[in-house]
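Report on the structure
Single-letter residue listing:
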Amino acid sequence: MRRYLMMGLFVSFTLHAQEVSNRFEVEAGLVATRNMEIRGFNQGNATQDWSKSGPTLRLEYWRTKQNDWNYGLIVQPLSLGYQDTLKSDLSAKGKTFRSGDRASLDYQFPTVRLSANKPIFQSNDGSYLRAGGSAVVRYAKVGLSSGGQSFSDTNLIVVPLINIEASKPIGSGYSLFTRSDFLPGISGNIFLDGLYDIYFGVRKKMSPTNDLDVGVRLFFGGYDPKKADDYANRIFFNSLVVRYSF
């Protein structure tokens, strides 16, 4: 009897281990600035048309279980340096920067997030939709220098986001894949005053456990405190990336 009990426990443990898997995903590519907006209270966009590109890297770990919750840990640094001419006066943090002056901007926006999602829809062809949420620890640094003066502003907050993941097979081992986190703006502009991290790509199944993606990541949002001596910051970055999952 004891032997059969031990065999039953072993089979149960083996089946459970087969259901749960650990996945690592590495994303690399080129990020470009589509919009960098910094404006003072009731002032124009001082950094209008400022542009910068640079390398991007994103690391993800996922603990996955079919027909159940998936849990992920995602780390993505973001740091870009800009140099251009101020397009408008900017009064913020006790300093006034003048339109037409040369300026440099150190912009950092690294994030660490915990994500979880579960199946909402599945079909026989392999299509699926998963939904859940993410908690994003966001550090932001804005360092502006111009005309012999400067300010450096930092901010660390935790932001709750909606998480969506979906896949649609298109044949020959290829599928359309998306995984996105977002929080619409509640007061103000639904897009510009929210936070969106959206990925769309084409995924190729390389082996039973390995995938290769090529796609586009859009990262945009911002905030506007609408207070004197403070500034609004709205961003839009787009990236062309390659992802490898194993």
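Above this text is the structure in question.
All right, on to the overall build of the chain then. When helices and strands are tallied, the chain shows one helix and 14 strands. Taken over the C-alpha trace, the chain has a radius of gyration of 22 Å; the compact-globule value for 246 residues is 18 Å, which it surpasses by more than 25%. The principal-axis extent of the C-alpha atoms belonging to the chain is close to 85 × 40 × 30 Å. By the burial criterion, 40% of the 246 residues in the chain qualify as buried. Long-range contacts, defined here as pairs at least 24 residues apart, represent 62% of the contacts in the chain between residues at least 6 apart. Looking at the chain as shown, the accessible area adds up to about 13300 Å², and 61% of this sits on carbon and sulfur atoms. Positive and negative charge centroids in the chain, built from 29 and 22 side chains respectively, lie 6 Å apart.

By size, the foremost hydrophobic cluster in this structure holds 28 residues, and its most contacted members are Leu105, Tyr107 and Phe237. Going through the elements one at a time, strand S1 (20-40), strand S4 (79-85), strand S5 (90-92), strand S7 (102-108), strand S9 (128-146), strand S10 (149-171) and strand S14 (231-245) are the ones with two or more residues in this core. In contact with Tyr107, not counting residues within four places along its chain, are Met36, Leu78, Ser79, Leu80, Tyr82, Lys141, Val142, Asn233, Ile235 and Phe237.

Turning next to the environment of Gln83. For Gln83, the location among the structural elements is in strand S4. Using a relative accessible area of 63% as the deciding quantity, one classes Gln83 as exposed. As for Gln83 and Phe109, which are separated by 26 residues in sequence, their C-alpha atoms are 18 Å apart. Leave out the neighbours within four places in its chain, and Gln83 touches Arg102, Ala103 and Ser104.

Secondary-structure assignment places Thr47 in the loop between S1 and strand S2 (53-65). Thr47 gets classed as buried once you look at its relative accessible area, which sits at 1%. Engagement of the side chain of Thr47 in a polar contact is seen with the backbone oxygen of Met36, the distance being 2.9 Å. Discounting residues that sit within four places of it in the chain, Thr47 has contacts with Met36, Glu37 and Ile38.

Bringing empty space enclosed by the protein into the picture now. Considering all chains together, one arrives at two cavities of 30 Å³ or more under this definition. For the largest cavity, the full set of lining residues is Val31, Thr56, Gln76, Pro77, Leu78, Phe109, Thr111, Arg113, Arg217, Phe219, Phe237 and Ser239. Put simply, the parts of the chain that give the lining of the largest cavity at least two residues each are strand S8 (111-122), strand S13 (211-223) and S14. For the second largest cavity, the calculated volume is near 60 Å³. Surrounding the second largest cavity, Arg58, Trp62, Ile74, Arg113, Ser115, Asn163, Arg179, Ser180, Asp181, Asp197 and Arg217 form its lining. Elements with a contribution of two residues or more to the lining of the second largest cavity: S2, S8 and strand S11 (174-183). Looking at which element gives the most residues to the lining of the second largest cavity, the answer is S11, with three residues. Within the lining of the second largest cavity, the residues separate by chemical class into two nonpolar, three polar and six charged.

Bringing the packing of aromatic side chains into the picture now. Tallied over the full model, the rule gives 15 aromatic pairs. Each ring, one from Tyr196 and one from Phe220, has its centre 4.8 Å from the other, and the planes form 10 degrees; the classification is stacked. One end of the pair, Tyr196, is in strand S12 (residues 195-205); the other, Phe220, is in strand S13, with 24 residues separating them in the sequence. Considered together, Tyr196 and Phe220 belong to a single accessibility category, that of buried residues. Aromatic pair Phe220 and Phe236: ring centres 4.7 Å apart, planes at 10 degrees, arrangement stacked. Linking Phe220 in strand S13 with Phe236 in strand S14, this pair joins segments that are 16 residues apart in sequence. Owing to a relative accessible area of 10%, Phe220 belongs among the buried residues under this scheme. Through a chain of ring-to-ring contacts, the aromatic side chains of Phe182, Phe191, Tyr196, Phe220 and Phe236 assemble into a single cluster.

The rules behind each value
Residues numbered from 1 in each chain as written. Predicted model: local features only at pLDDT ≥ 70, side-chain atom pairs only at ≥ 80, totals over all residues. Heavy atoms only, no water. Helix = DSSP H or I, 4+ residues; strand = E, 2+ residues; numbered from the N terminus. Rg over C-alpha atoms; globule rule 2.2 N^0.38 Å. Buried < 20%, exposed > 50% of the residue type's maximum accessible area, 1.4 Å probe, protein only. Contact = heavy atoms within 4.5 Å. Areas by Shrake-Rupley, 256 points an atom, 1.4 Å probe, with all protein chains shown as cover. Lys, Arg positive; Asp, Glu negative; His and termini not counted. Charge placed at Lys NZ, Arg CZ, Asp CG, Glu CD. Core = buried A, V, L, I, M, F, W, Y, C linked by side-chain atoms within 4.5 Å. Polar contact = N/O pair within 3.5 Å; in protein donor to acceptor, adjacent residues only side chain to side chain. 1 Å grid on protein atoms, 1.4 Å probe; cavity = no way out; pocket = protein on both sides within 12 Å on 5 of 7 lines; lining within 4 Å. Points joined across faces, edges and corners; volume = space filled by probe spheres on them. Nonpolar A, V, L, I, M, F, W, Y, C, P; charged D, E, K, R; others polar. Phe/Tyr/Trp six-rings, centres within 6.5 Å; stacked < 30°, edge-to-face > 60°.

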